[in-house]
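Observations on the model geometry
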2 protein chains.
Amino acid sequence: MSNTKVLPLVEPETAVEPCCPPLAERPFSAEEAERTAKMFKALGDPVRLRLFSAVAAHADGEACVCDISDVGVSQPTVSHHLKKLKEAGLLSSERRGTWVYYRVEPSVVAAMGRLLTAAAG
Amino acid sequence: MSNTKVLPLVEPETAVEPCCPPLAERPFSAEEAERTAKMFKALGDPVRLRLFSAVAAHADGEACVCDISDVGVSQPTVSHHLKKLKEAGLLSSERRGTWVYYRVEPSVVAAMGRLLTAAAG
């Protein structure tokens with residue numbers, strides 16, 4: 001068994017664009033609902049929502065796992081949830097030294113906010 | 001086995017108040033995350049999101065199952081999802097004659113929107 005791995009030089013980016021008209025403009029198509037539901041689902045878990053809030057509220061708007069491990073789950077679990085939030089497009093990440101730093105992806109989160117605010121119209 | 005049931009005269013209301021500070025103000029507590037994640041989870045399913053959008057976009061901002069059954073699932077499934085959205089506080093409902101009419105609960109949806117918009121800073 002070998003521990004040697006070739007690390008990719010560039011991390012593949014999961015392109016999640018802010019999508020779709022306000023929820024009240026017209027009924028979402030199946031495709032629009034599929035894309036957008038993923039983002040809401042990412043925030044539909046209490047631990048993920050706490051972590052997302054912890055990143056958003058952290059100094060300079062970014063945090064590493066080392067900063068936000070006080071939510072009562074293990075560090076690997078924290079990393080797992082942060083990865084899910086990143087896959088949903090809500091966080092971006094950057095590795096610096098030992099740690100990966102996460103920050104809120106403002107355009108995506110703002111677009112989600114607008115979907116809802118307009119639906120409350 | 002008896003089929004007789006005493007129906008409650010008043011339907012119990014699931015009180016879901018718009019909760020919690022903007023996501024970026026400070027890390028959510030476990031209790032805040034628990035409450036808020038339920039609302040996001042309700043929109044984290046593509047069929048529910050389409051139905052929510054269909055209600056929000058319908059004439060006069062309200063719709064019954066009879067109005068929005070074109071999302072490719074059975075009418076009982078539509079009813080089930082609308083009930084979930086109601087339980088999460090995102091829709092309110094009123095029975096008129098044969099049908100239950102659903103409408104978006106603006107204060108709750110607006111509060112969710114604000115949580116996100118503020119996190120996008």
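Residues numbered from 1 in each chain as written. Chains lettered and ligands numbered in written order. Predicted model: local features only at pLDDT ≥ 70, side-chain atom pairs only at ≥ 80, totals over all residues. Heavy atoms only, no water.

A word on the overall build of chain A
- Assigned secondary structure in chain A consists of four helices and three strands.
- Sequence-ordered secondary structure for chain A, helices as α and strands as β, is α-α-β-α-β-β-α.
- Put simply, chain A has 121 residues, and 40% of those count as buried.
- Contacts in chain A between residues far apart in sequence, at least 24 positions, make up 55% of those at least 6 positions apart. (Helix = DSSP H or I, 4+ residues; strand = E, 2+ residues; numbered from the N terminus. Buried < 20%, exposed > 50% of the residue type's maximum accessible area, 1.4 Å probe, protein only. Contact = heavy atoms within 4.5 Å.)

Here we look at the relation of the copies chain B and chain A
- Each copy of the sequence occupies a distinct position, and chain B is placed on chain A by a rotation of 180° and an axial shift of 0.0 Å, giving an RMSD of 0.0 Å. When the rotation and shift are considered jointly, the pair of chain copies conforms to a two-fold rotation axis. Residue B:G113, judged by its C-alpha, is the member of chain B lying nearest the rotation axis, at 2.1 Å.
- Comparing interface residues between copies, 100% of those in chain B also sit at the interface in chain A, which points to an isologous, same-surface contact. (Least-squares fit on C-alpha atoms with pLDDT ≥ 70 in both.)

Some thoughts on the sheet that holds strand β3 (residues 99-104) of chain B
Residues and elements named next belong to chain B.
- With respect to topology, three strands assemble into an open sheet ordered β1-β3-β2, the strand pairing being antiparallel. Strands with a single pairing partner mark the edges of an open sheet, and in this sheet they are β1 (62-64) and β2 (91-96). Neighbour-to-neighbour, the strand axes of this sheet turn through a mean angle of 30°, independent of strand direction.
- On top of the sheet, helix α2 (residues 46-57) reaches β1, β2 and β3; it is set at about 90° to β3, its chief contact. (Pairing = 2+ DSSP bridges. Axes fitted to C-alpha atoms, helices over the stretch in contact; angles between N-to-C directions.)

As for the packing of helix α2 (residues 46-57) of chain A against helix α1 (residues 30-42) of chain B
- Relative to each other, α2(A) and α1(B) sit at 110°, their axes nearing to 8 Å. Classified by the interaxial angle, the pair formed by α2(A) and α1(B) is roughly perpendicular. Crossing geometry of α2(A) relative to α1(B) is assigned as right-handed. Contacts from A:P46, A:L49 and A:R50 of α2(A) reach α1(B) at B:A30, B:A33, B:E34, B:T36, B:A37 and B:F40.
- For the contact of α2(A) with α1(B), the per-class residue count stands at six nonpolar, one polar and two charged. (Parallel < 35°, antiparallel > 145°, perpendicular 65-115°, else oblique. Left-handed = near helix turned anticlockwise from the far one by under 90°. Nonpolar A, V, L, I, M, F, W, Y, C, P; charged D, E, K, R; others polar.)

Looking at the state of the cysteines
All names here are of chain A.
- Scanning the entire structure with this criterion turns up two disulfides over all chains.
- A sulfur-sulfur separation of 1.9 Å characterises the disulfide bridge that pairs C64 with C66. Between C64 and C66, the S-S torsion sits near -45°, and that sign places the bridge as left-handed. (Disulfide = S-S within 2.5 Å.)

Topic: the packing of helix α4 (residues 106-120) of chain A against helix α4 (residues 106-119) of chain B
- At a minimum axis distance of 7 Å, the contact between α4(A) and α4(B) shows a crossing angle of 160°. Between α4(A) and α4(B), the angle is such that the two are roughly antiparallel. In terms of crossing hand, the pair formed by α4(A) and α4(B) is left-handed. Mapping the contact onto sequence places A:V109, A:M112, A:G113, A:L116, A:T117, A:A119 and A:A120 in α4(A) and B:P106, B:V109, B:A110, B:M112, B:G113, B:L116, B:T117 and B:A119 in α4(B).
- Taken together, the residues that form the contact of α4(A) with α4(B) break down as eleven nonpolar, four polar and no charged.

A short note on a positive patch on the surface
- Judged by side-chain charge, A:K41, A:K84, B:K41 and B:K84 come together as a positively charged surface patch.
- You can see B:K84 is positioned in helix α3 (residues 75-87).
- The partly exposed category is assigned to B:K84, whose relative accessible area is 37%. (Patch = residues over 30% accessible without salt bridge, like charges linked within 9 Å, V, L, I, M, F, W, Y side chains within 5 Å. Areas by Shrake-Rupley, 256 points an atom, 1.4 Å probe, with all protein chains shown as cover. Salt bridge = Lys/Arg side-chain N within 4 Å of Asp/Glu carboxyl O. Lys, Arg positive; Asp, Glu negative; His and termini not counted. Charge placed at Lys NZ, Arg CZ, Asp CG, Glu CD.)

Remarks on the sheet that holds strand β2 (residues 91-96) of chain A
Residues and elements named next belong to chain A.
- Taken in spatial order, the three strands make up an open sheet running β1-β3-β2, and their pairing is antiparallel. Since the sheet does not close on itself, it has two edges, and those belong to β1 (62-64) and β2, each with one partner. Direction aside, neighbouring strands of the sheet carry axes that sit 30° apart on average.
- Alignment of β2 against strand β3 (residues 99-104), held across six bridges, turns out to be antiparallel.

Some remarks on the interface of chain B and chain A
- Contacts between the two partners involve 35 residues from chain B and, on the opposite side, 35 residues from chain A.
- The junction of chain B with chain A conceals about 2,700 Å² of combined surface from both sides, 75% of it contributed by carbon and sulfur atoms.
- Of all residues in chain B, B:L49, B:R50 and B:L116 give up the largest surface area on contact with chain A, accounting jointly for 18% of the area buried on that side.
- The tally of links between chain B and chain A comes to zero salt bridges.
- On inspection of chain B and its partner chain A, the count reaches eight residue pairs in polar contact (both at pLDDT 80 or more).
- Secondary-structure elements contributing two or more residues to the side of chain B that touches chain A are α1, α2 and α4 of chain B.
- Of the residues contributing to the side of chain B that touches chain A, the split by class is 23 nonpolar, six polar and six charged. (Buried area = accessible area lost by both parts, 1.4 Å probe. Polar contact = N/O pair within 3.5 Å; in protein donor to acceptor, adjacent residues only side chain to side chain.)

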